[in-house]
Each structure stands twice: as structure tokens, then as C-alpha cells.
Amino acid sequence: MQIDLYQLTSLVPLHAAGRSGDEVVLHVFSRRLPQGPEGKPIRRALVFAGLARCLEHLERARFSRDALADLGAHPQLGPALAAHPDLVERLANWRFQGHIRAPREGTPLFANPAVRMDGEPFTIEGVHPAAYAPYLEITTDLLSAKLIETPLLSILNAMTMVASKAYEVVAAARSLDSDRAVLEFGSRRTHPDAAVDAAVAAYIGGCTATSNVEAHVRYGVPISGTMDHFAIQASEQADQSRGATEQAYFRAFHKLYPSNDVLLVDTYDTFGASTGIRAAVAATDGQGPWGIRIDSQLSTETLVRARRLLDELGATQTRIVISGGLDEHRIRELRDAPVDGYGIGERIVQSPDAPVGVGAVAKLAEVAGRVTMKLSRGSAKASLPGRIQVWRTPRGDVVGQADESLEGQPLLDTVWTREAGRLPLPSLAETREHALSSLSTLEPGRAPVVRVSDTLAAQVERLVKRASG
């Protein structure tokens, strides 16, 4: 089930009190954009990724009898479950049912401290709500809400983190040349299962392809690859020079893949007399391969030298792809270098400038027909109450009550119903296109604000004053 233990330990008292069947509304959201050391946003948007994976999880989520037997032996949880065999039976037969609304996957989302419609900060009695477009608004029973919270947050935090970072990298590359491709090569820098999700998210965020074969087989993400140092070293022979065996491997690779061979030229010496670039051109009978990849000593001077040598050898059409510790900042540093594409691994899938993800959380907005909110006085962690809708306007987003009618494009739409379950979603390619077209309208360096409607603000004020009394 991939849930936290406290979801189960805290469920038992609620079940004992007859509350586990209560209908609840759960908002899943981020309170703000990822922040840098100075507290300023380092992302232009949260690129929403993971909706399809969340719904896929809900379709498959189950408690096996073996898992329940293991939990029954737990020293803390076991005796509590034994005292409530009806709860154990409910868990054994549990399947998710409910109603879910969400923005279209790939939509750029925004979050910030709430402001009123007139632009003034919205605070009341030490309560500082965040204003946000939620990833999900889930209506279900209390038991189900507790069972799905952790895995959905895991998916959304990881995939939206990767997609948001990928977009920043891709935007940096395309600002230099719209034809420069970014390939995601991060599978070795994360868990194998997470690598598949990361490949999907990076593709949504704008990467052209991934190196991850499973992501292609399972989800249809385009795959691309070059070659590795391993293969070149494995071709060494005792009676031949390394230049000769490197060239022989390059020649064999070129014959197999003549139209898209990208030869890795820095295993021994990129600019050697018989290795590296010279070996790559010689192996292709002087025409040059489709491309070369350089994975080390990346500088404008080195890359200019590589381009010059290729041209001198007659490989004027050969492209230069670089990899190794790249991100949007390094891409900009190398803006004057003759580069045609980038292979980027850990700095997309691990997002080291925002390693805690996008801070997605889940909070109750309604319990048994009664609106509620997390207050968290004195902090910036207050949530919004009730069922909401978000309207996108040229001035930014407005979040209000779901039954309001405000100007703008409503973002939340139904993706799961109690009767039909999961509803059809756009294809992955369509999701990527939606993300890129939506993101292209953003102004660099400026994240739109999220305002709270007057009606929703009044509801927050009532709840805060009621809690004060």
C-alpha cells in the first residue's frame, strides 16, 4: 500500500468513534513555489505532472491478506486491529471510490501567500493562508482519504519536481537556439522505479527523449541514447593501440546506426592524434558521424576547439552533444559554445536546487458536510476551506468557492467519478504539448499571483473568528 504507519494507527480511533465512513474533501497542493536561499522563487511555475500516475495507483491500490496478517503482528498496530475485526475486513475489501477534480496534467500551477482581490495581503488574527491551484480535490470517505494521502503525495512531489526543473533547463536551452534538444539521462541517479516516473515527468516538462527504456515500453516516452565509455574500453585488445580499438568500435557502431550515431569521444583523449574526434571522423570515412558527445572538460574554449577540429577534418555536419553536470545555469554559462544538444541526468531527476520537491501537502477542506481549514496561527501553513475552483485570468489566478461564477478559465475538472472510476485523459504527447504551449506564455522572472475571491475570504474570516471564540 506504500503508506505511512501513522495513517493506520490514527485511523483506528476514528473508526472506533464511527467516523471512518464520513465523507471528506481533501485538497492536495503546494503552499508556494520552490524557494532559493534568499527566499525568492527559483521556478516560474509548478509544472503539474503525475495525474495519470495517481489515477493509475488508485485503480490498483489494494490490501492483501498477507499484508494485513503482517500488520496484525505489529506490536503497536496489531492489538488495535485485533480489537476491531470489522476494520480489518473493510481494509481487506477496500477499493478506492470517490470523486476527483484536477487541472489538466501539464498545466503550470502557482501558489503564494494569499492576497485579496484588491492585491492586499490576506491575513487575519495571525492566520496567513496560502493561495493555490490544487493538484487534486478529492471527495471520498475518511478511511480512503487516509489510505491514499501518502502515495499520492509521493507521486506528485517527485514528478512535479522533475517536470518543473526540466522546464527550466529546456527553457534555458531553447532561449539560445530553439532547435537545441535536452535529453533526460538520469536513471542511474535515482531509484529504478522513480527513474521511470522521472522520465515521464521530464518529457512533460519539455525534454525531447529519455534514456530509460522502461519509460518507453510502459508509457511511450521517446528514447534516445549514444554510447558509453564501458563499450569503448571493453573493445581494447592487447596487441592494438587504444586509438585503433576505439576507432574500430566507432566504425562498427556507425555501420549499425549510420543515420543517428553519436560517438563518445572523451574516453581517452578528445583531441588526441589518433583518438577522440579524429578517431570518430576516420571511422566514418571522413564524413563524420551524426554527432559526437563530450562528457568532460566542458568549457566554451574546449567546445569551440572541438567544432573547429570537426570542420577542419571535413565533418562540418556533425553535431556536438554535451553531458556531465549540466543544468540551466551551466547551459547559460556555455551560451557562446557551439552546442547542438544536451544530455542531463541528476540535475533534472534530483533537482538539487530544490531537493525537497515542491512541498506538496494534503489537508482536509470539509468533513461530514462541514467546511474546515488548517489554521496554524503564526505560520504560513493555513489552508483554504471547502470545495474550491480556480479561474485563470490574464492577471493571474483567482481561487474561490466551487459554486461561484467568476471571470476566467476554470482549471479544475472531473477526472474520477464514483460511478465510472477513472475518466479518459489526454495522451502523454498531448499532455507535453499542453505543458509547453501553456508555459510559453509565462513572463520570465515573474510568477503570477493567486488571489482569493471575496466570498472565499469571508468564509475564511468566519472560520478564524469561530476558532477564536
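Everything below is about the structure printed above this text.
To keep things clear, this report deals only with the structure shown in the data block.

Definitions and limits used
Residues numbered from 1 in each chain as written. Predicted model: local features only at pLDDT ≥ 70, side-chain atom pairs only at ≥ 80, totals over all residues. Heavy atoms only, no water. Helix = DSSP H or I, 4+ residues; strand = E, 2+ residues; numbered from the N terminus. Contact = heavy atoms within 4.5 Å. Areas by Shrake-Rupley, 256 points an atom, 1.4 Å probe, with all protein chains shown as cover. Lys, Arg positive; Asp, Glu negative; His and termini not counted. Charge placed at Lys NZ, Arg CZ, Asp CG, Glu CD. Salt bridge = Lys/Arg side-chain N within 4 Å of Asp/Glu carboxyl O. Core = buried A, V, L, I, M, F, W, Y, C linked by side-chain atoms within 4.5 Å. Buried < 20%, exposed > 50% of the residue type's maximum accessible area, 1.4 Å probe, protein only. Pairing = 2+ DSSP bridges. Axes fitted to C-alpha atoms, helices over the stretch in contact; angles between N-to-C directions.

Within the protein, the regular secondary structure consists of 17 helices and 21 strands. In terms of overall dimensions, the protein has a C-alpha envelope of 85 × 55 × 40 Å along the principal axes. For the protein, contacts bridging at least 24 residues in sequence account for 74% of all contacts bridging at least 6. When the accessible surface of the protein is summed, it comes to about 20800 Å², and 49% of that surface belongs to carbon and sulfur atoms. In the protein, 51 side chains carry a positive charge and 55 a negative one; their mean positions are 3 Å apart.

A word on the pattern of salt bridges. Close approach of charged atoms allows side chains of opposite charge to pair. For the coordinates displayed, the defined rule picks out 26 salt bridges. Connected through salt bridges with shared partners, the residues Glu23, Glu366, Arg387 and Arg418 form a single ionic network.

Among the nonpolar cores identified, the biggest contains 135 residues, and Tyr135, Leu136 and Ile348 are the most heavily contacted of them. Per element, the largest residue contribution to this core is 20 residues, and it comes from helix H7 (residues 142-176).

On the basis of which strands lie adjacent, the open sheet formed by seven strands has the order E15-E14-E1-E7-E3-E19-E20 and antiparallel pairing. At either margin of the open sheet sits one strand with a lone partner, and together these are strand E15 (370-371) and strand E20 (421-422). With three bridges joining them, strand E3 (residues 99-102) and strand E7 (residues 136-141) adopt antiparallel strand pairing. The residue of E7 that forms the bridge with Arg101 is Glu137. In this fold helix H3 (residues 51-60) packs onto E3, E7, strand E19 (413-417) and E20, with an angle of close to 20 degrees to the strand it touches most, E19.

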